[in-house]
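Summary of structural features
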Amino acid sequence: MTKRSPRLPDAFVERLYAAFPPARAEQILAGMRRPRPVTLRVNALKTDVRSLMAHLRQARIKVDRVAWHPEALVVKDARERDLAALPGYEQGLFYLQSLSSMLPPLVLAPQPGERVLDLAAAPGSKTTQMAAMMDNRGYILANDANPVRAERLRFNLSRQGVTIAEVSVHDGRRVGGRLGPVFDRVLLDAPCSGEGRFVEGDPRTHRHWSEKLVRRMVALQRRLLASALRATRPGGVVVYATCTLNPDENEGVVDWALKRYGEALEVLPVALDVPGRWEGLTEVGGVSLHPSLRLAVRIPPSPTMEGFFVCKLRVREGGEPWQASSRPST
Ligand SMILES: C[S@@+](CC[C@H](N)C(=O)[O-])C[C@H]1O[C@@H](n2cnc3c(N)ncnc32)[C@H](O)[C@@H]1O
């Protein structure tokens, strides 16, 4: 029997129990009961972890390290506004970023000197992280359709000392067709219904949610993924990520692309030692999905991490997906 949460939308809870075994649905709901602590990423373009920890100690702010990412810190006893008041914040020595949001760049693993597309980039947490991973060498096209958010992206890039990113404001659905397969790596941190960020007692995190929104997002995500694939050179890598939990917006979107582009695409394993990660689903509601989706990773919400989904894809040499029709049906 479906357990109901008085505060989260009923339809959301019902869909959760339809998609996951009861113990997993309950784990997800338990992970939504409390707000998570503030977390940050040290900006390696401007400082290092030891120096930043000294800066925080001076302000009597205590932090914990994170085993799977040396530049991630969990703040123990301060709020966002306390951190934003520090001189190091304005100087761009760190970026307030959820731990889960640090995963897609780690999975994409951009290298210095490469050409990278960040198709839905604003406000820039992952663009700034990727620029630091690339040691400000190479090129990042940081695109977002929303001009107001793109302004914030420009501001953050500048504050964080990023010199290799160019900002563009276009509908990401058209970027791949317009630019062609010129990028070594492409990040699609897709707009989504945001279920991974739900906090039960905070309606601001879930009042926008509806089944209609999920359907609308799926249609948009498919077209954005098709565009991301068309922008990737043969042999290049695409990471598809969302901060939502339902399979429609996650495995379902990648499954659609795998069916559409067939041999041109392959799912790669995600080499990340994040505790508590789940494999991607290969069956939902009795419907089988592509078996390689098992290699995708879902992070269930927990006391320190938001829910997240990450899938790594390679465009095979000689099997370019852009040879298929450029206007995928939704
Ligand atoms: C999950 S947020 C991106 C967060 C960002 N990657 C970061 O780490 O800071 C999704 C973004 O997609 C953008 N977006 C929505 N529709 C889009 C479209 N058709 N083309 C490009 N960007 C779009 C939104 O404006 C939003 O900034």
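Residues numbered from 1 in each chain as written. Predicted model: local features only at pLDDT ≥ 70, side-chain atom pairs only at ≥ 80, totals over all residues. Heavy atoms only, no water.

Quick notes on the overall build of the chain
- Scanning the chain from terminus to terminus reveals eleven helices and 15 strands.
- The globule rule puts the C-alpha radius of gyration for 330 residues at 20 Å, and the 19 Å found for the chain is close to it.
- Dimensions along the principal axes, computed over C-alpha positions, put the chain at roughly 55 × 50 × 35 Å.
- Burial statistics for the chain: of 330 residues in total, 56% are counted as buried.
- Total accessible area on the chain stands at roughly 14,700 Å², and carbon and sulfur atoms take up 48% of it. (Helix = DSSP H or I, 4+ residues; strand = E, 2+ residues; numbered from the N terminus. Rg over C-alpha atoms; globule rule 2.2 N^0.38 Å. Buried < 20%, exposed > 50% of the residue type's maximum accessible area, 1.4 Å probe, protein only. Areas by Shrake-Rupley, 256 points an atom, 1.4 Å probe, with all protein chains shown as cover.)

Considering unusual backbone geometry
- Along the chain, Ala-122 connects to Pro-123 via a cis peptide bond; the corresponding omega equals 5°.
- Within the secondary structure layout, Pro-123 lies in the loop between strand S5 (115-118) and helix H7 (125-133).
- Residue Asp-135 is not a glycine yet carries a positive backbone phi of 55°.
- You can see Asp-135 is positioned in the loop between H7 and strand S6 (139-143).
- Owing to a relative accessible area of 44%, Asp-135 belongs among the partly exposed residues under this scheme.
- Despite not being glycine, Asn-136 shows a phi value in the positive range, around 55°.
- Mapping Asn-136 onto the fold places it in the loop between H7 and S6.

Some details on the sheet that holds strand S1 (residues 39-42)
- Pairing is antiparallel in the open sheet, where four strands are placed in the order S2-S3-S1-S4. Here the strands that pair on one side only, and so sit at the sheet edges, are strand S2 (63-66) and strand S4 (94-96). Averaged over all pairs of adjacent strands, the angle between their axes in this sheet comes to 30°, without regard to strand direction.
- Note that S2 and strand S3 (residues 69-75) share four bridges and pair antiparallel. (Pairing = 2+ DSSP bridges. Axes fitted to C-alpha atoms, helices over the stretch in contact; angles between N-to-C directions.)

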